[in-house]
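Topology and contacts: notes
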Amino acid sequence: MENRVEYWVKIPIGPIHPALEEPEKFIITLDGERIVNVDVKLGYNLRGVEWIGMRRNYIQILYLAERMCGICSFSHNYTYSRAVEEMAGIEVPERAEYIRVIIGELERIHSHLLNLGVVGHAIGYDTVLHLSWLARERVMDILEAIGGNRVNYAMNTIGGVRRDIEDKHKRAILEMIKYYREEVMPKVEEVFLYDPTVEARLRDAGVIPKRIAIEYSAQGPTARGSGVEKDARYNEQLGVYPDLGIKPITPKEFTGIIKGDMFDRMVVRVGELWQSMELIERALDQMPEGKIKAFPKDNIALVRLKKAEGEGIGRYEAPRGELIHYVMANPGSEIPERWKMREPTFPNLFAVARALVGEQLADVPVAIASIDPCLSCTDRVAVIDAKTGKKKVLTEKDLLKASIEKTREINPNIKAKPEPVGGTCGGVRL
Amino acid sequence: MNIAYLTLGLIAIYLYVSFVSLIWEGVDRKLVARMQRRIGPPVLQPIYDFLKLVSKESIIPRDANKFFEIAPVLALASSIALLAYTPLGFEPLLATKGDVIVFIYLLALIAFVRVMGAVSSGSPYAQIGAQREIIMLASREVPMMLGLFAILWRLSKLGVEKPFSLGTFYQYNIWEIGTPLTVFGTFVLFIVFLLWLASEIEVGYFNIPEAETEVAEGPMAEYSGRHLALFKLSSALKEFASASLVVAIFFPWGISGYLGLTGIGAVVLDLLFHTLKVFIVLFVSMSVFRAITGRLRITQAVGMFWGRILPMSFIGVLLIVIDVLGVIA
Amino acid sequence: MTPEEFLEMILTKFPNADGKISENKLPHPRKRVWINVAREEFKDLMKFIKELDPKAQFSIIIARDGGDYLEAKYHLELFYEQAPSISLVVGTRCPKDDPTLPTITDILPSSLPYEREVQEFLGIFFEGIPDPRRLFLPDDFPEDIYPLRKDEKGISDEMIKNAGHPYKMKKEG
């Protein structure tokens, strides 16, 4: 009997790797250039968000939820407000619902343009990266005009939105949509539907068959690219979306065949760009006048929420998939009993790790980029400090001292003393 | 030629070519940036990079063996030796009968030394990059050698003093034979040579061994400091030498003949004109190609070489051969 | 299938469970089905749900420390092809001195990462789980500490350095 010696190499991709935007570790077992097994390890970006959330009141969690992610910050805000509103039975005025739709779709446009660039960079096509991120600047300008900031625009509050869309914003949005329709979208379609490099790299690579997508509960464009027609805005009949006419987009409408590979996922994203622009136009037409908030001030909302009891679930379709938040009330206190969220990258990562077995190594970074990983959202549960005992614990004072010394080497005129000065923060009990 | 003249000439050529090729890299980055609607780095940026790399410390991994430090020096030495055989607007310095074989050998040697350096660095990323480089090396030399030997054989039939030498391009030109079959065959070989040049420099479709987003710089993953500076310099010299070959085969006309200069003045003027032609060929083959294409997978690139470029090369060679047989018989 | 028919089918088969339908106040009101069941019948209930709809999509496990019991709720989405799909929450609980629950990875294989996460953060052990490694926490995190518990097994005060203090630096001179 012959013993075959197998030269299998285990290489880690991540946590620090030029192909990944955020840290995660994939341990890949290779046989030459063919992949045999993929193992996922997360937790490099753990910030302790849920643990902090157990100690903050309802309005503070609104800001905390927003800062979990940079590109889908509005989605987290929105889903959390939905969950609290369902729990307490608060009704939101209609104009606020339309404004939420408009801002949500603007965020979807900017996130999809970002992802098109990232996939282009991962296949070595830098021109696509630079040009699509240049096109994205227009949307960011509009978001800055409405919200005041390019990311983390705190538009939502419990029971409505904070800022209104005025006529000048409306004109600017319609101009932007015209610019995109005439100049940007034809070029995007030419690159992502017809270009030979893109087709050679993305076709028949990283295939997630429909059966695995259903079994692993893949979400968002990852699932729709494999033919699973689900979309949380459509299934939930969320807000005013049914009045605007929404349905899940699959590659069948663009290319006619569904294979579940990376090309199909990019086609779904291009299709969603078209759909978002139509939704914004219809929402701007149908928007009624009226109030935008259910409670004029946040304190009144807190008082009302103190008396609430029960639990609520909010679901929304973030640019990456289905986002779900859960809130349970503690009657008589401003701090909720439990808050938990799950974002769409988590099941998508495991689905793509299962689908990568049998592919080539060159496809791994492109496959990971094509599911649009947003790992800031994934790693968020409770650890603050973990090393006790054997290793030397670097307290904050040590780190600060080291950093001040380095600054002093560079510029001796800066004087500072490494002492923490502070008591409790704003009266919140720890 | 005595030894002193030879050595001085080689040192002068080496300094000139390294300066010019680093300037070309800066110009290329600027042009590609403008094509992508960015501003891009200043034109002297690669010279600053080189000086900065030389002044940093080189980190040697624990698992590397002795060859790790020898490899950059060997690569640079091979590049300097290659310069002695490149046609630079005038005959190469050490031109003899059949020196085209030494030229091709040195080109392959530089790539081989890179692979050996990568394998001895002990990192799995470098191992994968080295595998890709070897496959590309084996695939890209075949069409080029076929075309080069066919052209040199055709030219040697016209009666040159050093057959199969790279200096023959300055005595007779492949275009001046003039029969339609030869012109068409040469044109086909021109396309083959442009693609070969792109894959020798590793840009665009063929940016596979040093794919920065896939294997974190591939063969150069563990090199830093002085060693990386030497490798980069040898790559730049190899780039210039390969482009010089393409220019010498297809556009070897000089201008000093028209202006009637002789001696040192003619040599310098020919050199400058040759540099200009090299820049233009590199612009087409490197900058434009890099800006309009992405990277292929290794199986697709190898398939392209053996399935498309090699047959094209065959067709070009066959056309030239049929033409010769027709004339003689 | 409407939520009411669905709830009736479940309650006829499992009379010990208690369920209700909640409706929220959106422009198109949305109904959710909430079911609470004891842990002995939990696995049978999940098998029954999987037979009703083989393409059920599993979303999240919400685990909570409720004083002297540990509670886990599972959210599923059934019949995703119709416009209002059925949004179902199944809850079960276990006492703190016997923190085990049956695993459902053989029925719904996509629930493995969620069970791993709950195992390391709250200390509920799932019997029969195929892969009990840690997912998020680093490998040298101490063994018996579960960060989301509110009792003595949670994060103690010595493990927190500088949580919540706004950081100000005093200028010298």
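Here is what the cut-offs are and how they apply
Residues numbered from 1 in each chain as written. Chains lettered and ligands numbered in written order. Predicted model: local features only at pLDDT ≥ 70, side-chain atom pairs only at ≥ 80, totals over all residues. Heavy atoms only, no water. Helix = DSSP H or I, 4+ residues; strand = E, 2+ residues; numbered from the N terminus. Rg over C-alpha atoms; globule rule 2.2 N^0.38 Å. Buried < 20%, exposed > 50% of the residue type's maximum accessible area, 1.4 Å probe, protein only. Contact = heavy atoms within 4.5 Å. Lys, Arg positive; Asp, Glu negative; His and termini not counted. Charge placed at Lys NZ, Arg CZ, Asp CG, Glu CD. Axes fitted to C-alpha atoms, helices over the stretch in contact; angles between N-to-C directions. Parallel < 35°, antiparallel > 145°, perpendicular 65-115°, else oblique. Left-handed = near helix turned anticlockwise from the far one by under 90°. Nonpolar A, V, L, I, M, F, W, Y, C, P; charged D, E, K, R; others polar. Pairing = 2+ DSSP bridges. Salt bridge = Lys/Arg side-chain N within 4 Å of Asp/Glu carboxyl O. Core = buried A, V, L, I, M, F, W, Y, C linked by side-chain atoms within 4.5 Å. Expected span 1.5 Å × (residues − 1). Bend = angle between axes of the 7 residues up to and from the residue. Buried area = accessible area lost by both parts, 1.4 Å probe. pLDDT = per-residue confidence, 0-100. Patch = residues over 30% accessible without salt bridge, like charges linked within 9 Å, V, L, I, M, F, W, Y side chains within 5 Å. Areas by Shrake-Rupley, 256 points an atom, 1.4 Å probe, with all protein chains shown as cover. Phe/Tyr/Trp six-rings, centres within 6.5 Å; stacked < 30°, edge-to-face > 60°. Lys NZ or Arg CZ within 6 Å of the ring centre and 35° of its normal.

**Some details on the overall build of chain B**
- A tally of helices and strands in chain B yields 11 helices and 0 strands.
- Across chain B, helices and strands are ordered from the amino to the carboxyl terminus as α-α-α-α-α-α-α-α-α-α-α.
- For a compact globule of 329 residues, the expected C-alpha radius of gyration is about 20 Å, and chain B comes in at 20 Å, within 12% of that figure.
- Expressed along its principal axes, the backbone C-alpha trace of chain B runs to roughly 65 × 45 × 45 Å.
- Across the 329 residues that make up chain B, the buried fraction comes to 52%.
- Put simply, 79% of the contacts in chain B that link residues at least 6 apart link residues at least 24 apart.
- With 24 positive and 22 negative side-chain charges, chain B shows a separation of 5 Å between the mean positions of the two kinds.

**What about the packing of helix α3 (residues 73-88) of chain A against helix α4 (residues 94-122) of chain A?**
All names here are of chain A.
- The interhelical angle for the contact between α3 and α4, taken along N-to-C directions, is 150°, at an axis separation of 9 Å. Here α3 lies roughly antiparallel to α4, going by the angle between them. Note that α3 runs across α4; the crossing there is left-handed. Contacts between α3 and α4 pair S73, F74, S75, Y78, S81, R82 and E85 from the former with E97, R100, I103, G104 and E107 from the latter.
- Class assignment for the residues of the contact of α3 with α4 results in 3 nonpolar, 4 polar and 5 charged.

**Focus: the sheet that holds strand β2 (residues 25-31) of chain A**
- Pairing is antiparallel across the open sheet formed by 3 strands, whose spatial order is β1-β2-β3 (chain A). With partners counted over all chains shown, the strands left at the sheet margins are β1 (8-13) and β3 (34-41) of chain A, one partner each. The average angle at which neighbouring strand axes cross in this sheet is 20°, direction not considered.
- Running over the sheet, helix α5 (residues 124-156) of chain B touches β1 and β2 of chain A and is turned about 115° from β1 of chain A.

**Thoughts on the pattern of salt bridges**
- Per the counting criterion, the structure on display carries 49 salt bridges over all chains.
- A salt bridge links R342 of chain A to E322 of chain A, with the shortest nitrogen-to-oxygen separation between them at 3.3 Å. Placement of R342 of chain A in strand β8 (residues 338-342) and of E322 of chain A in strand β7 (residues 321-328) is noted, with a sequence separation of 20 residues between them. The two residues R342 of chain A and E322 of chain A agree in class, both being buried.
- Through salt bridges with shared partners, one network takes in E86, E236, R315, E322 and R342 of chain A together with R30, R32 and E77 of chain C.

**Some thoughts on the nonpolar core**
- Counting residues in each nonpolar core, the largest one holds 149 residues, and the members touching the most others are I102, L106, I173 and L202 of chain A together with Y74 and L88 of chain C.
- Tallying contributions element by element places α4 of chain A first for this core, with 14 residues.
- Apart from the residues within four sequence positions on either side, Y74 of chain C is in contact with F42, F58, I60, I61, L88, V89, V90, T92, L101, I104, E115 and F126 of chain C.

**Focus: the sheet that holds β7 of chain A**
Residues and elements named next belong to chain A.
- Reading across the sheet, the 3 strands line up as β6-β7-β8 and stay open at both edges, with antiparallel pairing between neighbours. With one partner strand each, in any of the chains shown, β6 (311-318) and β8 form the two edges of the open sheet. Averaged over all adjacent pairs, the angle separating strand axes in this sheet is 10°, with direction ignored.

**Some points on helix α5 (residues 126-147) of chain A**
- Taking 1.5 Å of rise per residue, 22 residues should cover 32 Å, and α5 of chain A covers 31 Å from first to last C-alpha, within 8% of that figure.
- Taking the largest bend as the criterion, α5 of chain A deviates by roughly 25°, centred on R138 of chain A.
- Turning to α5 of chain A, its buried residues are T127, V128, L129, S132, A135, R136, V139, M140, I142, L143, I146 and G147 of chain A.
- Looking at the buried positions of α5 of chain A, the neighbouring elements they touch are α4 and α6 (167-194) of chain A together with α10 (264-292) of chain B.

**Things to note about the interface of chain A and chain B**
- Listed per partner, the contact involves 29 residues of chain A and 24 residues of chain B.
- Overall, the association of chain A and chain B removes approximately 2300 Å² of surface from exposure, summing both partners, and the carbon and sulfur fraction of that is 52%.
- The interface formed by chain A and chain B includes 0 salt bridges.
- Those elements that provide at least two residues to the side of chain A that touches chain B are β1, α4, α5 and α7 (196-202) of chain A.
- Here the side of chain A that touches chain B takes 5 residues from α5 of chain A, the largest share from any one element.
- Taken together, the residues of the side of chain A that touches chain B sort by class into 17 nonpolar, 7 polar and 5 charged.

**So, α3 of chain A**
Residue and element names in this part refer to chain A.
- Its 16 residues give α3 an end-to-end C-alpha distance of 23 Å, which sits within 8% of 22 Å, the value for a rise of 1.5 Å per residue.
- Taken across its 16 residues, α3 has 16 buried, putting it largely inside the fold.
- Where α3 terminates, the next one or two residues include G89, which has phi positive at roughly 70°.

**Quick notes on the confidence of the model for chain B**
- Looking at chain B, pLDDT values average 86 and 96% of them are 70 or higher.
- Across chain B, the secondary-structure element scoring lowest on mean pLDDT is helix α7 (residues 212-215) of chain B, at 56, and the one scoring highest is helix α2 (residues 45-54) of chain B, at 92.

**Here we look at the environment of E215 of chain A**
- Relative to the helices and strands, E215 of chain A resides in helix α8 (residues 210-215).
- Given the relative accessible area of 33%, E215 of chain A is considered partly exposed.
- When the C-alpha positions of E215 of chain A and W8 of chain A are compared, they lie 29 Å apart, and in sequence the two are 207 residues distant.
- Beyond its immediate chain neighbours, meaning those up to four positions away, E215 of chain A contacts P109 and S110 of chain C.

**Considering a nonpolar patch on the surface**
Residues and elements named next belong to chain B.
- Taken together, the side chains of L31, M35, F283 and V284 make up a nonpolar region of the molecular surface, amounting to roughly 300 Å² of accessible area.
- Elements represented by at least two residues in the nonpolar patch include exactly α1 (3-35) and α10.
- Within the fold, L31 resides in helix α1.
- On the basis of relative accessible area, L31 is assigned to the partly exposed category, the value being 31%.

**Considering the packing of aromatic side chains**
- Following the criterion strictly, the structure yields 23 aromatic pairs over all chains and no others.
- With a centroid separation of 6.1 Å and an interplanar angle of 75°, the aromatic rings of F193 of chain B and W196 of chain B are classed as edge-to-face. Of the two residues, F193 of chain B and W196 of chain B both sit in helix α6 (residues 180-201), 3 residues apart, roughly one turn of that helix.
- Geometrically, the ring pair formed by Y223 of chain B and F231 of chain B is edge-to-face, given 4.9 Å between the ring centres and 75° between the ring planes.
- These aromatic residues form a ring-pair network of at least three members: F346 and F350 of chain A together with F42, F58, Y74 and Y114 of chain C.
- Here the basic side chain of R136 of chain A rests over the ring of W133 of chain A, its NZ or CZ set 5.3 Å away from the ring centre.

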